[in-house]
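# Descriptive analysis of the structure
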Amino acid sequence: MSEQLKFIVEQLNREPFKKNFNLITFDSLEPMQLLQILNDVLAEIDPKQAIDIREEMPEQTVKRICALLGMLKYKPPGNLSDVSSFRQGLVTGSKPVIHPILHWLLQRVPELKKRTYLARFLVKLEVPADFLQDDIINDTYHQYEELVEGFKTYHKECEQLRTSGFSTAEIRRDISAMEEEKDQLIKRVERLKKRVESVSNHQRMLEQARQLRVEKEREEALTQQKQEQKNQLFQAEQRLLRSEQQLKDLRQAAADANPESLMKRLEEEIKINSYMVSEKLPKELEGMRRTVQFLQKVASEPAMGQADLQELEDKIKEADSQINQLIEKRMMRYDPMDDKLSLYRQQASIIARRKESKAEELQEAREELAAAERELRQRTNQTQGSDGEEVIRGDEMKRLVAKLRSKGTVYKKKRQEIAELKADYGVVQRTEEILKQRHDAVQQKLQAVEAEKGISGYSDTQEELERVSAIKSELDEKKGRTLDDMSEMVKKLNSMIVEKKSALAPIIKELRSLRQQSQELGQEYEEKKAQYESCAAGLESNRSKLEQEVKALRDEMAQKENRYHHINTMSQILEMQIQRAAEEMKAYVSPDPQEKKKAMREVYMKNISEQELLGKKLREEQKTVRESHSANMEQVKMWRDLEQLMECKRQCFIRAKNRESIGQIIQEGGEDRLVL
């Protein structure tokens, strides 16, 4: 409550109230003043409430405040749920009623202002059903409802614009900039018109330019339409390819499948769906309903303070401690050997948990699949909207990835070969340059010799004839080789086809028997798997039972071990005490005086006597000091006075000595003379 009052006083001392209260003055307010403060706070939220309550009847004040609080969705605390007591508290200005209202209002002033503003337009008028039978009133009421819905839409758009980051100053700057650009464009058009008017036939030229622009726009539209049709054709081809691939996959799946496997798969799906509908989904629905009821209950309760939260936390801790105590008592009373059905219960619980976990995994997988399909559709629509092409599906993507991987390996090999060829090419190029240089030198010598002999150009003609003959022979050889290669290739292909058919025939026969064997092994595997799971469940339950027994025995062993160490330690302490007592008794009854002196009794008696003598001596000294205290204090005072007197004489002596150094004072005839 003190935190509540402190918050109320702090908020009332701020803008826009400025009440200048403290805790004492606020707590000492009269009921009428407290009610006026509540009215001022409500007037800040709704300006229509700015009224002096002294000029209003109490019943009207309470009715007005209750109506506004109801519109603001205020709910009194739990102890003020009675409407009559709440109204009575408002009439009398009761602090337990007014203080929670002020605390709730001052926490939500901006939100409540907005709610009050919206309530003026969104709180519908209640028209009796009899009046709505009139057509005019009914039409008017429908128009009124449409206007309310329109206000909701405009208000949402306004809020979105406020939160979108656009400001009126920026919009005004943009509008002014666009107006300036518009003026500049108008001026530019005017200048161009004046410049064109001086040209002959400018109207005809403008008309032709306009027609040219229209034709260009039409050409662009046709080009775009042509591109769209190409994209649609490409999409149709892609869809056709995918449909053919899907048909091929379905045919393959149908060829491999049989009615028994299809029935088995359908039965499994029916079992899974029936479990989801009959067991899992009702549980989740019931849990969600409980959660919704709990949240509604929490929302219907008023705002809680720190003290209420602390009280709830204490209750929760107390309930947790009680639950833990009950669990411990139950575990202490519970004997797993007495319950013969514990094994079967554990097996059933393990199977139920596994079933629930698998159902949850199935639900998550279905949700992931649905989310992936939605994302795929969104990406497909985005791609179609941007490029006009569809996204490649899963099978095509796998084939594309495999193709890219094979091409990647081929690319790496080719790149290595290119690197080797580049190295060889560098060597060959260098060799070619050297040979070209040698050939040029020989050719120059040959031309010089031909010029001397008078047959220049003979070597070039001979080389040309040799080159033509070589080309002819190469072409003849290629033709012959091509025909031979084609005939050999046809023979090889025919022989390979025959060999493959003969080689695949026994494999196909063997494959049929292997398929039947695989089906039998699959059924056997399912039976063995069921046996294994039942055996594993039994072993799991036995193991958990043995673990509980081992844990109980270990706890019992630890307790007994602690008890043993405790008893052993206590016995050792008692033995030491008994031994010390025996030694003390032996020394005490011994006739030897030296042994008696070693006894603890004698040692303690000796110490006691010494302490008593010391105390007596100290008391005597204390008595002496008390008797001589006044005389000693007097003597100290006399010594201090003597010290002050001696200090004063010393000062006088120093001053007299200083005067003698300056001059002498001589007194004669009642006059003082200073002789320097």
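Residues numbered from 1 in each chain as written. Predicted model: local features only at pLDDT ≥ 70, side-chain atom pairs only at ≥ 80, totals over all residues. Heavy atoms only, no water.

Looking at an unreviewed UniProt entry, the chain carries the name Intraflagellar transport protein 81 homolog, with the source organism given as Astatotilapia calliptera. Check the Subcellular location (unreviewed entry) section of the UniProt entry for the chain; it says "Cytoplasm, Cytoskeleton, Cilium basal body". The Sequence similarities (unreviewed entry) comment attached to the chain in UniProt states, word for word, "Belongs to the IFT81 family." (UniProt positions renumbered as here; feature names shortened; annotations may be inferred.)

## Focus: the overall build of the chain
When helices and strands are counted, the chain shows 17 helices and two strands. Every one of the 676 residues in the chain was classed for burial, and the buried ones make up 12%. Long-range contacts, defined here as pairs at least 24 residues apart, represent 54% of the contacts in the chain between residues at least 6 apart. Of the roughly 57,500 Å² that the chain leaves accessible, carbon and sulfur atoms contribute 56%. (Helix = DSSP H or I, 4+ residues; strand = E, 2+ residues; numbered from the N terminus. Buried < 20%, exposed > 50% of the residue type's maximum accessible area, 1.4 Å probe, protein only. Contact = heavy atoms within 4.5 Å. Areas by Shrake-Rupley, 256 points an atom, 1.4 Å probe, with all protein chains shown as cover.)

## Some points on helix H5 (residues 83–92)
Phe86, Gly89 and Leu90 are the residues of H5 that are buried. Along the axis of H5, the buried residues cluster in a sector spanning 100 degrees; they form a single face. Structurally, H5 contributes buried residues whose contacts are with helix H3 (31–45), helix H4 (58–71) and helix H6 (95–107). Within two residues after H5, Gly93 carries a phi angle of roughly 70 degrees, on the positive side. (Arc of directions from axis to C-beta.)

## Details of a positive patch on the surface
On the surface, a cluster of positive charge is made up of Lys187, Arg188, Arg191 and Arg195. Secondary-structure assignment places Lys187 in helix H9 (residues 168–197). (Patch = residues over 30% accessible without salt bridge, like charges linked within 9 Å, V, L, I, M, F, W, Y side chains within 5 Å. Salt bridge = Lys/Arg side-chain N within 4 Å of Asp/Glu carboxyl O. Lys, Arg positive; Asp, Glu negative; His and termini not counted. Charge placed at Lys NZ, Arg CZ, Asp CG, Glu CD.)

## Quick look at the pattern of salt bridges
Under the criterion given, the structure shown has 13 salt bridges. Lys436 serves as the salt-bridge partner of Glu432, at 3.4 Å between the closest nitrogen and oxygen. Here Glu432 and its partner Lys436 are both found in helix H14 (residues 394–453), four residues apart, which amounts to about one turn of the helix. Residue classification places Glu432 among the partly exposed positions, given a relative accessible area of 39%. According to the relative accessible area criterion, Lys436 is partly exposed, its value standing at 49%. Each of Glu540, Arg543 and Glu547 takes part in a single network of salt bridges with overlapping partners.

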